[in-house]
Structure formats: C-alpha cells, structure tokens
Amino acid sequence: MKVILQQDVKGQGKKGQMVEVSDGYARNFLFPRKLALAATADNVNTMKLQEQARKEQEAREKAEAEELAKRLGGLTVKLQAKAGTGGRLFGSVTSKEIADALQAQHGIAIAKTKIVQEEPIKAFGGYELKCKLGYEVTGKLKVVVTEA
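Residues numbered from 1 in each chain as written. Predicted model: local features only at pLDDT ≥ 70, side-chain atom pairs only at ≥ 80, totals over all residues. Heavy atoms only, no water.

Peer 1: Help me understand unusual backbone geometry in this model?
Peer 2: Most peptide bonds adopt trans geometry, and most residues besides glycine take a negative phi value. Positive phi is not limited to glycine here, since K34 has a value of about 55°. Take K34: its relative accessible area is 64%, and that puts it in the exposed class. (Buried < 20%, exposed > 50% of the residue type's maximum accessible area, 1.4 Å probe, protein only.)

Here is the structure:
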C-alpha cells in the first residue's frame, strides 16, 4: 500500500514522502497514530501543492535574507562602554548588546544568535562582524565601540 508520511517515521522515510508499506502496518500503526495518509489522488495532489508552497516560501525567505545582507553592509552600529585603565573594557561587548543597538539605531531586528564574534570585543575601536542570516547568506556588520 502506498502512503504519504505526515511525520518522519524511523525506518520508513521523512515527512512528505510517498512510501510503499504493508497493508497491516499502514492500517494498524501509521493511520491510527496519524503518521501517514493513504496515497489517494487528492492526497497526492495536496502533497504536491504543499511542496510547491514550501519551495516558494524558502525562495522568498532567501531573497529577504539577501536584501538584509545588502542593508547591513552599509550600516555602522555605535556602542558605548565603560572602560578601565589602558582602554580595556569592563567585561566585553556581547552579541545581545549589538543586536539591541542595531534594533534601536537602525530598526533592524536580528537574533543575537545570528551575530558571529570570533573573539569577544574587549577594547575600543572598530570591528567587522559576520551575521548568519540563513540559507547560507551572510552579511557583514560594522561595530564601533567608544568610551561612555
């Protein structure tokens, strides 16, 4: 019997796949647990439409990420921090502080987990950070740390 999987099923396949299983396995295990649907013409057509909609959504999100990467390239985020002797900061500038400053200064919301710092910012000056925006798109963000 051909079925369309509604969720990942170990040993059978991934969500959205059409697989061949035994009649008893489908009737007694997959259908009662709502893990699969029978592969009728309507269900196959619905699966194709959902796949097409998912691809369009991914393309739209990738285009938005590329647009955001272009916008980030021309921006500079200015942060103020307290420092001790020798221009060394008390603590370091975190990704959360950078994300909050970016939201406040330019109105762009980026999750703090998407801002990549190779090493912590512990001194005044200018830095260039990478932002992983998804779909293998990265943007560069300039950060300037000044004394408060």
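Peer 1: Looking at this structure, how should I read the layout of surface pockets?
Peer 2: The computed volume of the largest pocket comes to approximately 330 Å³. Around the largest pocket, the lining residues are I4, L5, Q6, K15, G16, L37, N43, T46, M47, Q50, E51 and R54. Looking at the lining of the largest pocket, the elements with two or more residues in it are β1 (2-5) and α2 (41-73). In terms of residues, the lining of the largest pocket owes the most to one element, α2, which gives six residues. Residues that form the lining of the largest pocket fall into these classes: four nonpolar, five polar and three charged. (1 Å grid on protein atoms, 1.4 Å probe; cavity = no way out; pocket = protein on both sides within 12 Å on 5 of 7 lines; lining within 4 Å. Points joined across faces, edges and corners; volume = space filled by probe spheres on them. Helix = DSSP H or I, 4+ residues; strand = E, 2+ residues; numbered from the N terminus. Nonpolar A, V, L, I, M, F, W, Y, C, P; charged D, E, K, R; others polar.)

Peer 1: Explanation requested: the pattern of salt bridges in the structure shown.
Peer 2: Oppositely charged side chains are able to pair whenever their charged atoms sit close together. The tally for this structure, following the rule as stated, stands at three salt bridges. Between R54 and E51 there is a salt bridge, and its shortest N-O distance comes to 2.4 Å. A residue pair is termed a helical-turn pair when its members lie 3 or 4 positions apart in one helix, as R54 and E51 do in helix α2 at three residues. The partner of K96 in a salt bridge is D100, and the shortest N-O contact between them spans 3.2 Å. You can see K96 and its partner D100 sitting in helix α3 (residues 95-106), four residues apart, about one turn around the helix. K96 gets classed as partly exposed once you look at its relative accessible area, which sits at 44%. The partly exposed category is assigned to D100, whose relative accessible area is 42%. (Salt bridge = Lys/Arg side-chain N within 4 Å of Asp/Glu carboxyl O.)

Peer 1: What is the right way to look at the confidence of the model for the protein in this model?
Peer 2: Detailed conclusions should not be drawn from predicted coordinates in areas where pLDDT is low. For the protein, the average pLDDT comes to 90, and 100% of its residues sit at 70 or higher. Element-level mean pLDDT values for the protein span from 84 in strand β5 (residues 88-93) up to 95 in helix α1 (residues 23-30). (pLDDT = per-residue confidence, 0-100.)

Peer 1: Explain the pairing of strand β9 (residues 137-147) to me, please; I cannot follow it from the model alone.
Peer 2: Bridge count between strand β4 (residues 76-81) and β9: six bridges; the pairing is parallel. Counterpart to L79 in the pairing with β9 is V145. Relative to β9, strand β8 (residues 125-134) runs antiparallel, the two sharing nine bridges. Each bridged residue has a counterpart across the sheet, and for G126 the counterpart in β9 is V144. (Pairing = 2+ DSSP bridges.)

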